Amino acid sequence: MKLLPQTHPQTSAPRSRWRIVLAVLATACWWPAAAQTPVATHGALRVQGNQVLNQTGQPVSLAGSSLFWSNAGWGGERYYNANAVNWLRTNWNAGLVRAAMGVDEPGGYLENPAREKAKVKAVVDAAIAAGLYVIIDWHSHSAERHQAEAIAFFREMATTYGTRPNVIYEIYNEPLQVSWTGVVKPYAQAVVGAIRAIDPDNLIVVGTPTWSQDVDVAAASPLAGVNIAYTLHFYAASHKNSLRDKARTALSRGVALFVTEWGAVDASGGGAVDAASTQEWMDFLKANNISHANWALNDKAEAASALVPGTSPTAPWSDSFLTTSGRLVKGYVQNWAGTGTTTPPPTTTPPPTTPPPTSGTATKVEAESYHAMSGVQTETTTDAGGGRSVGWIDAGDWMAYTVTVPTAGTYTVQFRVASPNATGRISLEQNAGATKLGTVSVPNTGGWQNWTTVSATVTLKAGQQDIAIGVPVGGYNINWWSFAKTAAARSAGEPAGVSGAAPTLYPNPVQQQLNLTLGASEAARTLLIYDLRGRQVLRRSLPAGGTQQAAIPVEGLAPGVYTLRLTEGGRTTSTKFVKE
């Protein structure tokens, strides 16, 4: 949202004047962006039956990341800072962050309570400032041995933060293979009682036996009290449908679940990313409105880590710092406002007024994923797919990105833009602006959140490199940009269609008929459409063959955001569209 766009366009006043205006509006409690944070949107969370509800009584499912063990000397404690929290908020569009405070292992809370509490408070304070929910996690496998210490800790947290709707108390990370009724439940009841004596309202999440997998056992004998959910942990390469069956049993018994930790790899934190199993889990969580935090925002040299080893805890981050797991997880978190999707996110979204591109698969770059910038700010977008866009773009501003260009040649670069002006210009640059790759004009789209796509043709070299968006003339927003090799630039041996590539579709938004262009394929394909709750609303089989056009009637669908999923030869790709 822009402030007073009709009478005060972005380019009409110096940036210093705008910052004064913004400060005054924020002081007056009228700052519109604040209404877009997850906590401002959903407010205090409460449990009703097997659902976690927001302040309006609607089921809510949050997505985000867990930090690594906080223990001193373990490495993950470096990311217990505002930089990590803010990156999750602005770059991942996350709804929550988890502070996993180590307790009884070396370097943990029992060794130095003041030090570990300071780390947790740094994360909680940053999450409150960013409008995120934050899980305060007593990260232990034997919490019942230190019940008195847990009670003292959570009393302090409740006293300090109990009036904040941001806070979620996780009182036991992963009990081992111990009795629920004889060990875990009595401990949990005592800690819950201590919290409730101070904070009667905020959500409490309780660990379950067998590394927080026996949710069905806990559901058979639930705790007394209100606003209590039960912890479910999974690692996609190790845990499959049998664990989801335990979750289904727990839900059928009327308890709410909360996935405070999950991984796309095996339960050891290693092994290869299991994308297919992860997709099954994401579909299950979305269908049942279950919130989740991925393990872990850390640079440890293991497959579960989201960051590559050596990532600075304070530097401006970009997607180049993400591991294979990190890229997969970010795609889910960033698009969680809709249905779960495979990653990477949709490659292209052609404007309704132009035909779909005929180029190969595009590389899409979210505008807010810059690793450095000057002068711009981010905000929530209403464009298809949701997430964040970049705004407050004035002449002289810039954003720098690290990208990998697969082969040298001629590329079509697309920019997803919105503007109430017809004077904006985008310059694609390298070498601090010394090399101009191409420029494009930004049309008047009718408003700051009325989106269209403009394109330019540029020549790019191969390999990893920094590419910047420069701003000769501002006054527009950017949601994403992409680059794809043009049809004319393909080598003689390069296929005309890319098997498994996401389909291009238009118009988007659509009212009656969705048109699709699909690349050539030697296999039959299945097209599925899912609504926001993960329910399948349409299925169609498509024969093998060359490039295909398909027309899908959607006039019977309710208005909203949908995911179109295309499966062929065991590979699935997804893209989103909006039904008006």
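Since the structure is predicted, the reported quantities are computational estimates derived from the model, not experimental observations.

Thresholds applied
- Residues numbered from 1 in each chain as written.
- Predicted model: local features only at pLDDT ≥ 70, side-chain atom pairs only at ≥ 80, totals over all residues.
- Heavy atoms only, no water.
- Helix = DSSP H or I, 4+ residues; strand = E, 2+ residues; numbered from the N terminus.
- Expected span 1.5 Å × (residues − 1).
- Buried < 20%, exposed > 50% of the residue type's maximum accessible area, 1.4 Å probe, protein only.
- Contact = heavy atoms within 4.5 Å.
- Pairing = 2+ DSSP bridges.
- Axes fitted to C-alpha atoms, helices over the stretch in contact; angles between N-to-C directions.
- Salt bridge = Lys/Arg side-chain N within 4 Å of Asp/Glu carboxyl O.
- Polar contact = N/O pair within 3.5 Å; in protein donor to acceptor, adjacent residues only side chain to side chain.
- Core = buried A, V, L, I, M, F, W, Y, C linked by side-chain atoms within 4.5 Å.

## Section: helix 4 (residues 113-130)
In this model, helix 4 (18 residues) spans 26 Å end to end at C-alpha, consistent with the 26 Å of a helix rising 1.5 Å per residue. Of the residues making up helix 4, those classed as buried are Glu116, Lys117, Lys119, Val120, Val123, Val124, Ala126, Ala127, Ile128 and Ala130. Those residues of helix 4 hidden inside the fold are in contact with strand 3 (63-67), helix 3 (82-90), strand 4 (96-102), strand 5 (133-139), helix 5 (147-161) and strand 6 (167-170). Looking one or two residues beyond helix 4, the residue adopting positive phi is Gly131, at roughly 80°.

## Some thoughts on the sheet that holds strand 20 (residues 463-473)
In space, the 5 strands of this open sheet follow the order 12-15-20-17-18, with antiparallel pairing throughout. A single partner strand is all that each edge strand has here, and the edge strands are strand 12 (372-374) and strand 18 (435-442). When strand polarity is set aside, the average angle formed by the axes of neighbouring strands in this sheet is 25°. Judged from the 7 bridges that link them, strand 17 (residues 424-430) and strand 18 form a sheet pairing that is antiparallel. Among the inter-strand pairings, Gln430 is bridged to a residue of strand 18, identified as Thr435.

## Comments concerning helix 10 (residues 275-287)
With 13 residues, helix 10 should reach 18 Å at 1.5 Å per residue; the first-to-last C-alpha distance of 18 Å fits that figure. Where helix 10 is concerned, the buried positions are Ser277, Thr278, Gln279, Trp281, Met282, Phe284, Leu285 and Lys286. Residues of helix 10 that are buried sit in contact with strand 8 (228-235), helix 9 (241-252), strand 9 (256-263), strand 10 (292-297), helix 11 (324-334) and strand 27 (560-568).

## Structural notes on the pattern of salt bridges
Counted according to the given criterion, the structure contains 19 salt bridges. Across the pair Glu302 and Lys300 runs a salt bridge whose closest N-O atoms are separated by 3.4 Å.

## Here's the deal with the environment of Asn227
Within the secondary structure, Asn227 is located in the loop between helix 8 (215-220) and strand 8. For Asn227 and Asp201, which are 26 residues apart along the polypeptide, the C-alpha to C-alpha distance reads 7.0 Å. Within the structure, Asn227 has its side chain in polar contact with the backbone nitrogen of Val47 (distance 2.9 Å). Here the side chain of Asn227 touches Asp201 through a polar contact of 2.8 Å, landing on its backbone oxygen.

## Side note on the sheet that holds strand 6
Here 8 strands make up a closed barrel; going around it, the order is 3-4-5-6-7-8-9-10 and the pairing parallel. Neighbouring strand axes in the sheet, compared pairwise and without regard to direction, differ in orientation by 30° on average. With 3 bridges connecting them, strand 7 (residues 204-206) and strand 8 associate as parallel partners. Its bridge partner lying in strand 8, Ile204 is registered against Ile228. Running over the sheet, helix 6 (residues 180-196) touches strand 5, strand 6, strand 7 and strand 8 and is turned about 165° from strand 7.

## Describing the nonpolar core
Residues Trp92, Trp138, Ile171, Leu257 and Leu297 are the most contacted members of the largest nonpolar core, which totals 89 residues. No other element matches helix 6, which puts 8 residues into this core. Core analysis: the second largest hydrophobic core is formed by 30 residues, Val413, Leu428, Val471 and Trp481 among them.

## So, the side chain of Thr37
Locating Thr37 in the fold gives a position in the loop between helix 1 (15-27) and helix 2 (38-42). Within the structure, the side chain of Thr37 is placed 3.1 Å from the backbone nitrogen of Ala40, a separation counted as a polar contact. Residues contacting Thr37, with those up to four places away along its chain left out, are Arg89, Ala130 and Gly131.

## Comments concerning unusual backbone geometry
Where the residue is not glycine, phi is negative for most of them; where a peptide bond is considered, it is trans in most cases. Here the bond from Trp295 into Ala296 is cis, since omega is 0°, no more than 30 degrees from zero. Mapped onto the elements of the fold, Ala296 is located in strand 10. Despite not being glycine, Thr210 has its phi angle at roughly 60°, a positive value. Secondary-structure assignment places Thr210 in helix 7 (residues 209-212). On the basis of relative accessibility, which here comes to 17%, the residue Thr210 falls in the buried class.

## Re the side chain of His292
For His292, the location among the structural elements is in strand 10. Among the residues examined, His292 registers a relative accessible area of 0% and is labelled buried. Here the side chain of His292 touches Trp262 through a polar contact of 3.1 Å, side chain to side chain. Here His292 is in contact with Leu62, Ala63, Gly64, Leu96, Val259, Trp262, Met282, Leu285 and Trp336, once residues within four sequence places are set aside.

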